[in-house]
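Below are the chains, spelled out letter by letter.
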Amino acid sequence: MIEVKNLHKSFGDAHILKGINTAFEKGKTNLIIGQSGSGKTVFLKCLLGLFNYEQGSIAYDGKIFSKLSEDEKRDIRAQIGMVFQGSALFDSMTIEENVMFPLKMFTKQSKSEMQDRVDFVLKRVNLADAHKKMPSEASGGMQKRVAIARAIVNKPKYLFCDEPNSGLDPKTSIVIDDLIKEITEEYQITTVINSHDMNSVMQIGEKIVFLKNGYKEWEGSRYDIFKTDNKAVTDFVYSSELFKKVRQMYLEERG
Ligand SMILES: Nc1ncnc2c1ncn2[C@@H]1O[C@H](COP(=O)(O)OP(=O)(O)OP(=O)(O)O)[C@@H](O)[C@H]1O
Ligand SMILES: [Mg+2]
């Protein structure tokens, strides 16, 4: 569980996050949505512990990050897995080496323990035969799966994904979304995903936080999104004709 209270973040005069309050439960796929520039990536980087913020607090299972010692902060960071926008694999390493990297960084496991764990997670993301390939030899969808394998290799309690299916076709996007949701449930991870993909919202949005101009404009589930009359949300969601139709059908079905 992650609890965010009154989070403010500025860069110089630019006030980007303007007092965000929300909470993310474990075992759930939590989505942050909002227009380009609304502050999603900045928010995720605050959760990652990469940014200092002027006001507010972030608590990881009750531990308020800013009040921790450097060692305790390091412990929290070691429990975070991250899938960056655009995969961000190391080009000069094989897929296997990419996935092993966090284990070398954060653990003192033996070579064979690390190898077993890498084999396990690569199998989990359906890449059992890709160990020796270079990232450049993998498709976009495979690269995302490698990035997910790397993010979960050290058994994180927290998983953050920034636009995990950007650049993927709709079918592969669903595979990636479902994989993240399954892993989240299976290992009871607190997962937060940035997205502006409405398909993801409908597919895996158990909790959705809608950011607008650095404020939390709305939050709710994917079912609530059909019922809300918050104009900012409906303008965002129903900018697509397809989703207008889906909403209409949903509401008719429920009377
Ligand atoms: N390191 C930085 N220094 C200064 N300004 C920044 C920095 N990072 C982000 N910003 C500003 O913060 C605002 C929010 O950016 P952010 O990247 O969080 O948007 P986003 O919602 O993730 O957009 P997108 O959907 O395009 O990824 C933007 O105005 C951006 O210019
Ligand atoms: Mg972003």
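Predicted, not measured: the structure shown is a model, and the values here were computed from it.

## What to know about a nonpolar patch on the surface
- A cluster of nonpolar side chains, Phe90, Phe101, Met105 and Phe106, forms an exposed patch at the surface whose accessible area comes to about 340 Å².
- When you line up the elements, methionine 105 lands in helix H3 (residues 95–106).

## Concerning the site of ligand 1
- Surveying the vicinity of ligand 1 reveals 13 residues, the closest of which are Ser36, Gly37, Lys40, Thr41 and Val42.
- Serine 36 is positioned with one of its side-chain polar atoms (N or O) 2.5 Å from an oxygen atom of ligand 1.
- Here valine 42 contributes a backbone N or O atom positioned 3.0 Å from an oxygen atom of ligand 1.
- With the chains in place, 60% of the 630 Å² that ligand 1 exposes on its own is no longer accessible.
- The element contributing the most residues to the shell around ligand 1 is helix H1 (residues 40–47), with three residues.
- Of the residues belonging to the shell around ligand 1, the class tally is three nonpolar, eight polar and two charged.

## Considerations on the environment of alanine 232
- Tracing the backbone through its elements, the reader meets alanine 232 in helix H9 (residues 231–237).
- Judged by its relative accessible area of 14%, alanine 232 is buried.
- Placed 90 residues apart in sequence, alanine 232 and methionine 142 show a C-alpha to C-alpha distance of 35 Å.
- Discounting residues that sit within four places of it in the chain, alanine 232 has contacts with Phe210, Lys212 and Glu217.

## Points about the UniProt feature "domain: ABC transporter" (unreviewed entry) in the protein
- The UniProt entry lists residues 2–238 under the feature "domain: ABC transporter" (unreviewed entry), expressed in the numbering used here.
- For residues 2–238, the helix share is 38%, the strand share is 26%, and the end-to-end C-alpha distance is 30 Å.

## Points about the side chain of arginine 117
- Along the chain, arginine 117 turns up in helix H4 (residues 111–124).
- Summary of buried charges: arginine 117 has no salt-bridge partner, and the nearest side chain of opposite charge, glutamate 186, is 8.6 Å away.
- Among the polar contacts made by the side chain of arginine 117, one reaches the main-chain carbonyl oxygen of isoleucine 152 at a distance of 3.1 Å.
- If sequence neighbours within four positions are ignored, arginine 117 has contacts with Leu103, Ile152, Val153 and Lys155.

## Details of the pairing of strand S8 (residues 190–195)
- Summarising burial for S8: six of the six residues are buried, a large majority.
- Burial along S8 is two-sided: Thr190, Val192 and Asn194 facing one way and Thr191, Ile193 and Ser195 facing the other are all buried.
- Looking at chain direction, strand S3 (residues 29–33) and S8 are connected through five bridges and run parallel. Looking at S8, one finds that leucine 31 is bridged to isoleucine 193.

What counts, and where the lines are drawn
Numbering of residues starts from 1 in every chain and runs along the sequence as written. Whichever chain is written first becomes A and whichever ligand is written first becomes 1, with later ones labelled in order. Predicted model: local features are reported for residues with pLDDT of at least 70 only, side-chain atom pairs are reported and counted for 80 or more only, and whole-chain, interface and lining totals are derived from all residues. Only heavy atoms go into the side-chain values, all of them from the structure, while hydrogens and water stay out. Surface patches are drawn from residues lacking salt bridges whose relative accessible area is over 30%; two like charges belong together within 9 Å, two nonpolar side chains (Val, Leu, Ile, Met, Phe, Trp, Tyr) within 5 Å. Note that accessible areas follow from Shrake-Rupley with a 1.4 Å probe, and for residues the cover is restricted to the protein chains shown. Salt bridges are counted wherever a side-chain nitrogen of Lys or Arg sits within 4 Å of a carboxyl oxygen of Asp or Glu. Labels follow the DSSP assignment, with helices taken as runs of H or I lasting at least four residues and strands as runs of E lasting at least two, numbered in each case from the N terminus. Nearness of a residue to a molecule or strand requires only that one of the residue's heavy atoms be within 4 Å of it. The definition of a polar contact used here is a pair of N or O atoms within 3.5 Å, where within protein one atom must be able to donate a hydrogen and the other to accept one, and adjacent residues in sequence count solely through side-chain atom pairs. Amino acids outside the nonpolar list (Ala, Val, Leu, Ile, Met, Phe, Trp, Tyr, Cys, Pro) and the charged list (Asp, Glu, Lys, Arg) are all regarded as polar, and Gly is one of them. Burial classes: relative accessible area under 20% of the type maximum marks a residue as buried, over 50% as exposed, and values in between as partly exposed (1.4 Å probe, protein chains only). Contact definition: two residues touch when any of their heavy atoms are within 4.5 Å. UniProt positions are given in the numbering used here, feature names are shortened, and annotations may be inferred rather than shown by experiment. Only four residue types enter the charge count: Lys and Arg as positive, Asp and Glu as negative, with His and the chain ends excluded. Note: two strands are recorded as paired if DSSP finds a minimum of 2 bridges between them.

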